[in-house]
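# Inside the fold
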Amino acid sequence: MWGGRFSASPNALMQAINVSIGFDKRLASQDIAGSQAHAAMLAKTGVISSGDAAEIQRGLAAIAEEMAAGTFPFRDEFEDIHMNVEARLRELIGPVAGRLHTARSRNDQVALDFRLWVREACDRSAAQLEGLQQALIGKAAAHADTLMPGFTHLQPAQPVTLGHHLMAYVEMFGRDASRFRDARARMNECPLGAAALAGSPFPIDREMTAKALGFDRPTANSLDSVSARDFALEALSAASIAATHLSRLAEEIVLWMTPQFGFIRLSDAFTTGSSIMPQKKNPDAAELIRAKVGRILGSLTSLTVVMKGLPLAYSKDMQEDKVPTFEAFDALELSLLAMTGMITDLEPNTERMAAAAGAGFSTATDLADWLVRELDLPFRDAHHVTGAAVKRAEQLGVDLADLPLAELQALNQGISEDVFKVLTPAASSASRVSYGGTAPDQVRSQIKRWKDVLR
Ligand code: ARG
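Take the site of the ligand next. Lining the immediate surroundings of the ligand are S20, D24, D80, H82, R106, N107, V110, Y314, Q319 and K322. Between the ligand and R106, the relevant distance is 3.3 Å, taken from a nitrogen atom to a side-chain nitrogen or oxygen of the residue. Between Q319 and the ligand, the recorded distance is 2.8 Å, taken from a side-chain N or O atom to a nitrogen atom. Burial of the ligand by the surrounding chains reaches 86%, relative to a free accessible area of 340 Å². For the shell around the ligand, the element with the most residues is helix 6 (residues 106–142), which contributes three residues.

Right, here's the structure in full:
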């Protein structure tokens, strides 16, 4: 492609370090779409003849078919996807292919292709996150009343419902999806027409190509157009946060599946056995999802370091943007889909959860609140009395709800039989009716709100 200036071919190592077709072939459809829009614009503005443009379009359509059929000859000697497509175009339609690159450079071409790819990845991730939310909402609706322990410090804290717990993740994944939508809106400007770095002397119509490729507008600075990769950094950052959320849910699934918790059963579809221990059923999918954040956050780190300190405008360093980004989104997609399958499949052991919900003096706060409400104790005093009640129950080896009334009255004479109404996990959870609380009616109203949002 630059034979005019060169008399010798590159060293084999030069080619090995330079070649990118092995991975940037994933930009094939974006590259062709960009070329189609560019050729149409060149014809419309009279930069090339409509006859030549028609030839180019015919060739590009044939290449798109070869790509779809898997017969396109990807060749290392043409270095990257842009030159592979152009070289093939020349083979198919002859020297007129050379007119396509008028008013264009591989610098704005790759900036465009990659931006299109990342934009699609953001759309896909947002949609997959919504799929996961739907699965969680379905499970939450079935278990709006299912009691389980709520934890802080992974110690039993207060009873909640499984529906409430699952809806917490619906909130998190909802923010993740909106981060992808925000990133998409910000990146939706078209760099095509920036050419190598300074713009073009030809009378190109950048509004036209921007519109044809679904962008809101063309980018406003040619140097920035070819050197910006923050759209990918932002998408990777959104991916890393989503992966962090996935890893938390994955960890809970791993914990809940242990015989010690025994909160859920996972289907055979999302577990594996052991080659030596016949009794085992392992939550491998959850463990792998828990780990994928390493790869995804690693990609963000990798691209951040590539971009750090790069002078304007394009440098070949930026070819290193693709592999981490592809890897991150492959990992995220797999994680989201596997998690959706796992959530759909999992079966809560409701008796086990309910029993655990009442264990560990989880209604102690309810006792303290009762003392405040009914006996007008300051909360700190109520906290003290309740602490003593817990200590006494522990000595006697019983739950708070099973403590004899006389024992409670020994701590405060005002305590009546009435107190036992608030000491069950069900009463505790049902009482938390504040907006966003765990009371089943609150959970149901959040489920309804989310169903409307996602409709
Ligand atoms: N393969 C290159 C990349 O991924 C395309 C741009 C090359 N531009 C250049 N001037 N060498 O970044």
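Resuming the write-up.
Below, the discussion takes up the environment of Q36. The topology assignment puts Q36 in helix 3 (residues 28–44). Once the C-alpha coordinates of Q36 and S240 are considered, the two residues, 204 residues apart in sequence, prove to be 34 Å apart. For Q36, the residues in contact, after removing those within four places along its chain, are Q57 and L60.

Before going further, it helps to examine the environment of G294. Mapping G294 onto the fold places it in helix 11 (residues 284–307). Distance from G294 to A328, taken between C-alpha atoms, is 9.5 Å for residues 34 residues apart in sequence.

With that settled, consider the packing of aromatic side chains. Going through the model one piece at a time under the given rule, you end up with nine aromatic pairs. Pairwise contacts between aromatic rings join W117, F180, F326 and F329 into one cluster. Across from the ring centre of F215, 4.6 Å away, lies the NZ or CZ of R119, which sits over that ring. Above the plane of the ring of F114 lies K322, whose end atom (NZ or CZ) is 5.8 Å from the centre.

Another point: helix 15 (residues 379–396). Here helix 15 contains 18 residues, and its C-alpha end-to-end distance of 25 Å stays within 8% of the 26 Å for a straight helix at 1.5 Å per residue. Taken residue by residue, helix 15 has A382, V385, T386, A389, V390 and A393 as its buried positions. Taken around the axis of helix 15, the buried residues stretch over an arc of 145°, which confines them to a single face. Opposite the buried face of helix 15, by more than 90 degrees, sit the exposed residues R380, H384, K391, E394 and Q395. Among the structural elements, helix 14 (364–375) and helix 16 (405–411) are those in contact with the buried residues of helix 15.

For the bond running from L312 to A313, omega is 0°, close enough to zero to count as cis. Along the chain, the position of A313 falls in the loop between helix 11 and helix 12 (322–345). The phi angle at A103 is positive, at roughly 60°, despite the residue not being glycine. Locating A103 in the fold gives a position in the loop between helix 5 (81–93) and helix 6. Taking the relative accessible area as the measure of exposure, A103 reaches 9% and is therefore buried.

With that out of the way, let us pick up the pattern of salt bridges. Any two side chains of opposite charge can pair, so long as their charged atoms come close to each other. The full count for this structure, using the stated rule, is 28 salt bridges. Between E79 and K316 there is a salt bridge, with the nearest N and O atoms lying 2.9 Å from each other. Taken together, the positions of E79 in the loop between helix 4 (50–69) and helix 5 and K316 in the loop between helix 11 and helix 12 put the pair 237 residues apart, joining distant regions of the chain. Look at E79 and you get buried, because its relative accessible area is 6%.

This part takes up the pairing of strand 2 (residues 155–161). Where strand 1 (residues 147–152) and strand 2 come together, six bridges link them in antiparallel fashion. Counted as the bridge partner of F151 is P156 from strand 2. Between strand 1 and the antiparallel strand that follows it, strand 2, lie two residues; H153 among them carries a positive phi value of about 55°.

Let us now look at the packing of helix 6 against helix 12. The description of two helices packed together rests on the angle between their axes and the distance between the axes. Between helix 6 and helix 12, whose axes approach to 9 Å, the crossing angle comes to 15°. As summarised for this structure, helix 6 and helix 12 are arranged roughly parallel, according to the angle between their axes. The crossing of helix 6 and helix 12 is left-handed.

Calculation rules
- Residues numbered from 1 in each chain as written.
- Predicted model: local features only at pLDDT ≥ 70, side-chain atom pairs only at ≥ 80, totals over all residues.
- Heavy atoms only, no water.
- Near = heavy atom within 4 Å.
- Polar contact = N/O pair within 3.5 Å; in protein donor to acceptor, adjacent residues only side chain to side chain.
- Areas by Shrake-Rupley, 256 points an atom, 1.4 Å probe, with all protein chains shown as cover.
- Helix = DSSP H or I, 4+ residues; strand = E, 2+ residues; numbered from the N terminus.
- Contact = heavy atoms within 4.5 Å.
- Phe/Tyr/Trp six-rings, centres within 6.5 Å; stacked < 30°, edge-to-face > 60°.
- Lys NZ or Arg CZ within 6 Å of the ring centre and 35° of its normal.
- Expected span 1.5 Å × (residues − 1).
- Buried < 20%, exposed > 50% of the residue type's maximum accessible area, 1.4 Å probe, protein only.
- Arc of directions from axis to C-beta.
- Salt bridge = Lys/Arg side-chain N within 4 Å of Asp/Glu carboxyl O.
- Pairing = 2+ DSSP bridges.
- Axes fitted to C-alpha atoms, helices over the stretch in contact; angles between N-to-C directions.
- Parallel < 35°, antiparallel > 145°, perpendicular 65-115°, else oblique.
- Left-handed = near helix turned anticlockwise from the far one by under 90°.

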